Each structure stands twice: as structure tokens, then as C-alpha cells.
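Observations on the three-dimensional arrangement
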Amino acid sequence: MVAKFDLNDDSVVVIIGTGAGGGVLANELAQKGVKVVALEAGGRYLPDDYINDEWDSFGQLAWLDARTTSGDWRVAKDFAGLPAWIVKAVGGTTTHWAGASIRFQEHEWKALSTYGAVEGANLLDWPIDAAEMEPWYALAETKLGVTLTEGRAGLPGNNNYKVFEAGAKKLGYKEVHTGRMAINSSDYDERPACQQTGFCFQGCKWGAKWSAAYTDIPRGEATGNLEVREHAHVARILHDDTGKVTGVEYFDKEGNLHLQKARIVSVAGNSFESPRLLLNSASSMFPNGLANSSDQVGRNYMRHTTGSIYGIFDKPVRMWRGTTMAGIVQDEARHDPSRGFVGGYELETLALGLPFMAAFLNPGGWGRGFTTALDHYENMAGMWIVGEDMPQATNRITLSETKDQWGLPVANVHFSDHPNDVAMRNHAYKQGMAIYDAVGATRSFPTPPYPSTHNLGTNRMSERPEDGVCNKWGQTHDIANLFISDGSQFTTGAAENPTLTIVALAIRQADHIAREMAAGNL
Amino acid sequence: MTRVERKGLTRRALLGRAVAAGALAVAGTGFIAAPDAAWAMEVSVITPEQMATLMQMARDIYPHDQVADRFYAVAVKGYDDAAAKDLVDAGIAALNAAAQAQGHADYLSIGWEEDRVKVLQAIEGEVFFQTVRAGLVTGLYNQKDVWPIFGYEGESFSQGGYIDRGFDDIDWL
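What this report covers is the structure whose coordinates are included nearby.

**Side note on the overall build of chain A**
The helix and strand tally for chain A stands at twelve helices and 17 strands. In terms of overall dimensions, chain A is globule-like: its C-alpha atoms have a radius of gyration of 22 Å, near the 24 Å expected for 522 residues. By its C-alpha atoms, chain A is 70 × 50 × 45 Å across when sized along the principal axes. Scored against the burial criterion, the 522 residues of chain A give a buried share of 67%. In chain A, which carries 46 positive and 61 negative side-chain charges, the distance between the mean positions of the two groups comes to 3 Å.

This is the structure we're talking about:
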């Protein structure tokens with residue numbers, strides 16, 4: 001049943017990456033009868049394979065190929081070779097994501113118009129808006145089975161949530177709930193209800209959390225229109241002398257180079273690998289890389305303004321029990337410049353196991369200040385900040401001097417906080433600590449951002465070709481049959497976890513590509 | 001710290017001497033042992049004194065008074081390796097030099113943690129310190145036997161998760 005396409009079949013759509021963007025696009029196209037070859041750099045792991053042990057799972061799933069870092073962000077110092085914590089596997093980062101599935105707020109599609117010009121920021125309005133996205137969001141919520149949408153019940157609150165909720169309500173926050181989550185609160189779409197096992201970041205062994213790995217990918221394969229090639233590391237995208245892309249070169253597991261011809265190519269390798277691939281595909285016709293006439297490929301890298309807050313109490317919390325991130329305060333997500341910054345942030349419950357708490361509590365920290373916090377791990381509650389960060393032209397992906405195992409230049413990730421990011425983070429730290437203090441925390445503390453999980457903006461969508469890399473369909477301005485299908489197409493980051501929006505954009509893009517193919521325009 | 005040079009002692013005798021010695025003891029050319037003989041470790045590449053120094057360093061970097069020495073021993077035993085010998089030799093020499101610069105005989109002879117921490121602070125920018133510290137993050141905290149000391153329960157899938165086992169059992173709010 002699973003398709004097998006010839007390397008010389010130039011009628012296929014080649015999708016690079018199989019996560020929230022590529023994996024969904026692959027299935028949606030396959031369902032419409034479009035032939036797809038999806039190239040995935042990682043292997044295939046399913047719920048039985050997932051390991052409920054933080055470091056072992058990290059070794060199994062994380063993208064560990066070389067990357068380099070620069071800029072004044074602390075990640076460049078603490079995790080110089082690991083700027084992001086994302087997944088290299090079929091299903092991509094949907095294996096590891098927490099499941100938070102929230103729509104952008106209406107004004108966030110129009111960041112420049114709403115916030116006005118912000119010095120040092122490269123703000124822009126998206127070429128699409130909330131009304132345009134409404135039906136696609138609805139389809140995405142149905143696909144993912146998002147709780148607290150379409151009449152689905154919310155997840156039950158775990159201990160970590162109960163502490164968070166009690167503190168938030170004491171502070172007067174109103175929008176406090178267990179979140180709109182792509183984790184089943186009851187059986188849905190052949191997936192069971194959440195069993196409160198924890199380890200959401202390590203792959204859900206129950207399959208209660210939506211992941212492309214065991215939904216869209218196998219369903220696409222079942223149509224006979226989708227072939228997924230695992231351990232296929234794409235080296236470059238090729239084009240002809242008319243400037244249209246014609247195929248991609250990739251290394252297989254053994255290091256053999258193959259050329260897969262293509263009618264259309266979609267890039268969906270997350271916000272480091274996607275621009276890296278376009279830059280590594282430079283040619284005499286496109287000396288600055290593919291789709292880069294604007295010089296915007298790799299620029300405007302966003303990672304959300306994050307950070308965590310932990311509170312220690314005089315009694316046990318056992319935050320690790322149950323869903324990792326089912327809890328949210330949305331009151332601060334509004335745009336309210338009186339707080340000293342533009343845009344807003346969400347506060348979401350978060351728990352780490354002891355091994356990762358030790359690694360992330362205060363990277364590089366040591367001594368009793370560090371260990372007395374860990375001593376009370378059992379009495380600890382945790383939350384995470386997700387806020388809109390400012391796109392900056394100088395925060396960017398470039399090609400590094402360092403080469404990967406295939407001899408290809410790796411991505412260098414340069415990031416420095418904008419003053420708006422710093423002001424927002426400090427506000428969020430203060431509010432988060434106040435939440436815990438309100439319910440009797442004996443100690444609370446802010447912890448620095450982890451390696452990025454939300455990587456956005458490096459091939460951004462723009463109305464005008466000179467402002468970005470792709471148009472409102474994710475189609476590159478320069479090359480009609482080259483598409484961007486992941487979070488790198490984000491014009492701005494908004495305050496919300498990005499996966500739902502990536503999925504909604506992928507469903508919409510599939511509809512567009514299939515329609516344009518049928519009309520003979522692609 | 002007394003070093004017992006005599007060969008031919010049995011392991012039991014060595015451990016006995018370790019008890020007599022009081023503190024964490026270097027108990028022979030190839031052994032380091034706990035004062036209560038709860039555990040002992042054989043070293044083959046680096047010296048017992050060096051291993052004792054590494055263990056004290058580990059405890060001073062990540063001090064948890066409820067965590068027994070044997071867990072710290074597991075966390076640093078990998079340094080008894082030919083590949084690590086140069087790093088350990090040079091690193092501990094620099095550590096002891098820093099201790100001497102602060103008026104002590106050597107690092108291990110310093111009685112108060114506070115004073116040892118000052119010595120560690122003098123070398124914390126060095127590769128040796130950073131290697132030992134970074135290694136401890138996984139070497140110490142990723143020991144499954146350490147987790148229960150902190151109350152951490154590890155995986156729960158094999159027991160059906162926490163849905164019927166207290167995911168929401170908090171009773172003090």
C-alpha cells in the first residue's frame with residue numbers, strides 16, 4: 001500500500017521534514033491524490049519506542065547534529081552546540097511538543113500596525129489575518145482534537161496546575177484553565193485519553209497527545225500517495241536555468257548521495273535547517289542562496305521570550321505527575337504597552353524531571369544556592385513563559401565554518417535579546433513569582449531560557465517580496481514551485497505556542513497547492 | 001589523610017584501617033573507602049588521593065547532605081581512566097596550588113566547606129573545574145538510585161501513569 005516513487009519521477013511533490021508543517025502537508029496532499037515524497041533526516045519511532053527517561057529519550061529523539069551559536073543570549077554560553085531542543089525523527093518536533101494549541105489573537109497578525117514601529121525591531125504585518133485563518137484553525141483543532149474547543153472537555157488539573165491556578169486566582173487572574181491542548185481528555189480519533197503519565201516531552205507512550213508520527217504520516221501512507229524516506233538528509237535543492245526548482249539531493253543512511261526529481265519542493269526542516277538548506281543551495285544563478293533576493297533568508301530569527309519560574313513550598317507538590325503543560329494564564333497575553341513592552345505573554349505550567357531540573361535550573365550554577373533548591377524538588381511547582389519576541393534583522397541563521405557529518409556547513413544561530421524581550425521577561429518573572437508567593441511559596445526563582453523549542457521566522461511571510469522570503473501561501477517570492485511549510489514562515493511570533501498555527505497553515509497550503517496543481521499553475 | 005603504603009593487606013583490613021582513619025579515607029595504594037566501610041572503590045590509573053580530592057570537589061560543587069558518598073563516588077569514578085589522567089593530574093595540582101595560595105596545605109586538608117568553595121571559585125573558569133561540574137550534572141543527578149532521595153519517581157508508564165495514583169492528590173492548598 002505504501003507508495004514507492006522513482007528518483008526520476010518529476011511529478012512528485014518533495015517535502016523536506018515531517019513535523020507539524022511537513023508531516024501535515026504530506027498527509028493533506030496525499031489525501032487529495034497528490035503524489036508526495038517526504039524526506040526525513042531522522043528515523044521512525046512510535047509510542048512503543050519512546051523512552052520515559054529524560055536523558056535516554058534526549059539521546060533517542062533530539063536533533064544532535066552540529067550547530068554553532070553566537071550573540072549575547074545565555075544559551076550560546078551554556079549550550080553552545082545546542083541552540084534548540086527539537087526532534088530528528090519522523091513526525092519531527094510533534095513527537096516532543098507539549099501539546100499547547102492556541103490560536104493567535106486577532107491583533108497579533110498585525111504586529112506592526114498594532115504596536116507601531118519599535119526601534120531595533122523588524123516588525124511587519126502578516127499578509128493574512130484572523131478572518132482568513134479562522135476556518136483553517138477550526139480544521140487544525142479538529143485534526144488535533146484540541147481540548148476546550150468544539151465542545152471537548154478540558155484536561156483534569158494535576159498537582160502542578162492546582163498550585164498554579166490557586167496562586168493565579170489569588171492574584172486576580174481570570175483566564176486560568178488547563179489549556180487548549182492536543183492531548184485527549186477522552187478517547188478521540190483512535191487515540192486514548194491522557195493517563196497522566198508525565199513525560200509529554202519524551203513522546204507520549206499512550207498516543208494520547210497528537211503527533212504526526214502516528215496520525216498524519218501513517219494515514220498519508222495508507223493512501224498510497226505518500227512515501228516517507230527516513231534517514232534522508234537533504235544536502236541541497238537544485239534548479240534549472242529558468243530558475244525553477246527541479247529536485248533535491250540527499251544523503252541516505254550510508255552516506256550515498258541521491259537525486260530525487262520534483263515538480264514542487266516544500267521546505268519544512270524547522271527554522272534553523274530550512275534557511276540553512278536554502279543558503280547551502282546557492283548556485284551561480286542564486287549566489288546568495290535560493291529564494292534570497294531579499295536577503296531575508298535566515299534573518300528575523302525568533303524563539304519566543306521565555307524563561308521559567310519555580311516555586312518551593314513547605315509541602316509536597318510532585319509537579320512531575322501528570323500532563324507536563326496542562327495549565328495556562330492568558331490574562332497577560334494582551335497588548336498593553338502600559339506594562340513597559342509591546343505584545344504579551346502566556347504563563348503555562350511546566351514540569352521537568354530531576355535530571356533535567358539539574359541541567360536547566362541554573363546552567364553552570366553550583367554550590368548550596370543551587371543544591372538547596374534541588375533538595376526541595378518534591379515540593380516544587382513550575383511554570384514557563386511564552387511571550388512574543390521582536391524580530392530583528394541581526395538575529396539570524398548563517399552558514400558556519402563548522403561542517404556536519406556530510407561535509408555541509410552547519411547553521412550558526414545568532415541571537416541577542418531586544419530590550420522589549422528583556423522588559424517582557426522581567427515582567428513575567430515578577431508575575432510568575434507573585435503567583436507562587438500568593439499560595440505560600442517559601443522560595444521562588446526565575447530560571448533562564450532553555451535551548452529553544454519555538455524556532456520561528458527565518459523565512460518569513462511578507463506582502464512585498466523585498467520584506468520577506470515567501471508570500472501568504474508560503475510560496476517563495478522568487479521561485480514559484482518552492483514553498484516554505486514550517487514555522488520559519490512566521491512573520492511575527494505572537495504570544496502563543498506555534499504548532500497549531502503551523503498545522504493550520506499547512507492544511508491551508510495543501511489546499512492551495514492541490515488547487516494550483518489542478519489548475520495547471522504549478 | 002593517611003596513606004597506607006603497605007602491600008599485601010586484605011581488602012577487609014584496608015577497610016578496617018579506613019574506619020580507623022576517620023574521614024573519607026585513602027586506604028591503600030589502590031583503594032579509597034568510606035569511613036564506615038559502606039563502600040570502597042578501587043582505582044588503577046589515578047591515585048587514591050586524587051580520587052578522594054575529586055569526590056570532595058563533587059560534594060562541594062553539588063552539596064546534598066542527604067546524599068551519601070557512594071553516589072558521588074559513582075559520579076566521578078570515570079576519571080580513573082588513562083584518557084583523563086592528564087586532566088586530573090594538572091587540575092588537582094592547580095586546585096592544590098590555589099588552596100596553598102589561600103594559606104592551606106592543600107584542598108583536602110581544609111576543614112570548612114566555605115573555605116573549600118573559595119578555592120574552587122579561584123579555579124571555576126578553568127577547563128578542569130568545568131569538566132568536573134558539567135559531568136556531575138548527569139553523573140550525579142541521572143543516577144536512578146539518587147532519584148528517590150529527592151522524591152522523584154521516574155517513569156510511571158509501567159504502572160499505568162498517575163491517573164489513579166495521585167496526579168491531583170495535593171491536599172494543602
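**Here we look at the overall build of chain B**
Of regular secondary structure, chain B possesses six helices and three strands. Helices (α) and strands (β) of chain B occur, in sequence order from the N terminus, as α-β-β-β-α-α-α-α-α. Across the 173 residues that make up chain B, the buried fraction comes to 46%. Residue pairs at least 24 apart in sequence account for 51% of intrachain contacts in chain B once pairs closer than 6 positions are excluded.

**Quick look at the interface of chain A and chain B**
Accessible area lost upon the coming together of the parts is a frequently used measure of interface size. Taken together, the contact between chain A and chain B spans 43 residues of the former and 40 residues of the latter. For the chain A face of the interface with chain B, the top three residues by lost area are Arg321, Trp366 and Arg368 of chain A, together amounting to 21%. For the interface between chain A and chain B, the tally reads five salt bridges. Two residues, Arg368 of chain A and Asp65 of chain B, come together in a salt bridge whose shortest N-O distance is 3.0 Å. In this structure, the connection of chain A to chain B is made through 25 residue pairs in polar contact (both at pLDDT 80 or more).

**Quick word on the packing of aromatic side chains**
Considering all chains together, one arrives at 36 aromatic pairs over all chains under this definition. The interplanar angle of 55° and the centroid separation of 5.5 Å between the aromatic rings of Trp73 of chain A and Phe415 of chain A together place this pair among those described as tilted. Residue Trp73 of chain A is located in the loop between strand E3 (68–70) and helix H3 (75–78), and its partner Phe415 of chain A is located in the loop between strand E15 (409–414) and helix H11 (419–438); the two are separated by 342 residues in the primary sequence. Looking at Trp73 of chain A, the relative accessible area reads 4%, which means it is buried. Considering the side-chain rings of Trp147 of chain B and Tyr152 of chain B, the 5.1 Å spacing of their centres and the 65° angle between planes classify their relative orientation as edge-to-face. Under the relative-accessibility criterion, Tyr152 of chain B is labelled buried at 5%. Among the aromatic residues, those joined into a cluster by ring pairs are Trp55, Phe58, Phe79, Trp85, Phe201, Phe356, Phe360 and Tyr450 of chain A. Above the face of the Tyr188 of chain A ring, Arg152 of chain A is positioned so that its terminal group lies 4.9 Å from the ring centre. The ring of Phe415 of chain A carries Arg303 of chain A above its face, with NZ or CZ at 5.8 Å from the centroid.

**Looking at the packing of helix H2 (residues 48–61) of chain B against helix H3 (residues 69–76) of chain B**
Residue and element names in this part refer to chain B. Running from amino to carboxyl end, H2 crosses H3 at an angle of 110°, the nearest separation of the two axes being 9 Å. Between H2 and H3, the angle falls in the class roughly perpendicular. Crossing handedness for the pair H2 and H3: right-handed. Of the residues in H3, those touching H2 at Met51, Leu54, Met55, Ala58 and Arg59 are Asp69, Tyr72, Ala73 and Val76. Grouping the amino acids of the contact of H2 with H3 by side-chain chemistry returns seven nonpolar, no polar and two charged.

Rules of the game
- Residues numbered from 1 in each chain as written.
- Chains lettered and ligands numbered in written order.
- Predicted model: local features only at pLDDT ≥ 70, side-chain atom pairs only at ≥ 80, totals over all residues.
- Heavy atoms only, no water.
- Helix = DSSP H or I, 4+ residues; strand = E, 2+ residues; numbered from the N terminus.
- Rg over C-alpha atoms; globule rule 2.2 N^0.38 Å.
- Buried < 20%, exposed > 50% of the residue type's maximum accessible area, 1.4 Å probe, protein only.
- Lys, Arg positive; Asp, Glu negative; His and termini not counted.
- Charge placed at Lys NZ, Arg CZ, Asp CG, Glu CD.
- Contact = heavy atoms within 4.5 Å.
- Buried area = accessible area lost by both parts, 1.4 Å probe.
- Salt bridge = Lys/Arg side-chain N within 4 Å of Asp/Glu carboxyl O.
- Polar contact = N/O pair within 3.5 Å; in protein donor to acceptor, adjacent residues only side chain to side chain.
- Phe/Tyr/Trp six-rings, centres within 6.5 Å; stacked < 30°, edge-to-face > 60°.
- Lys NZ or Arg CZ within 6 Å of the ring centre and 35° of its normal.
- Axes fitted to C-alpha atoms, helices over the stretch in contact; angles between N-to-C directions.
- Parallel < 35°, antiparallel > 145°, perpendicular 65-115°, else oblique.
- Left-handed = near helix turned anticlockwise from the far one by under 90°.
- Nonpolar A, V, L, I, M, F, W, Y, C, P; charged D, E, K, R; others polar.

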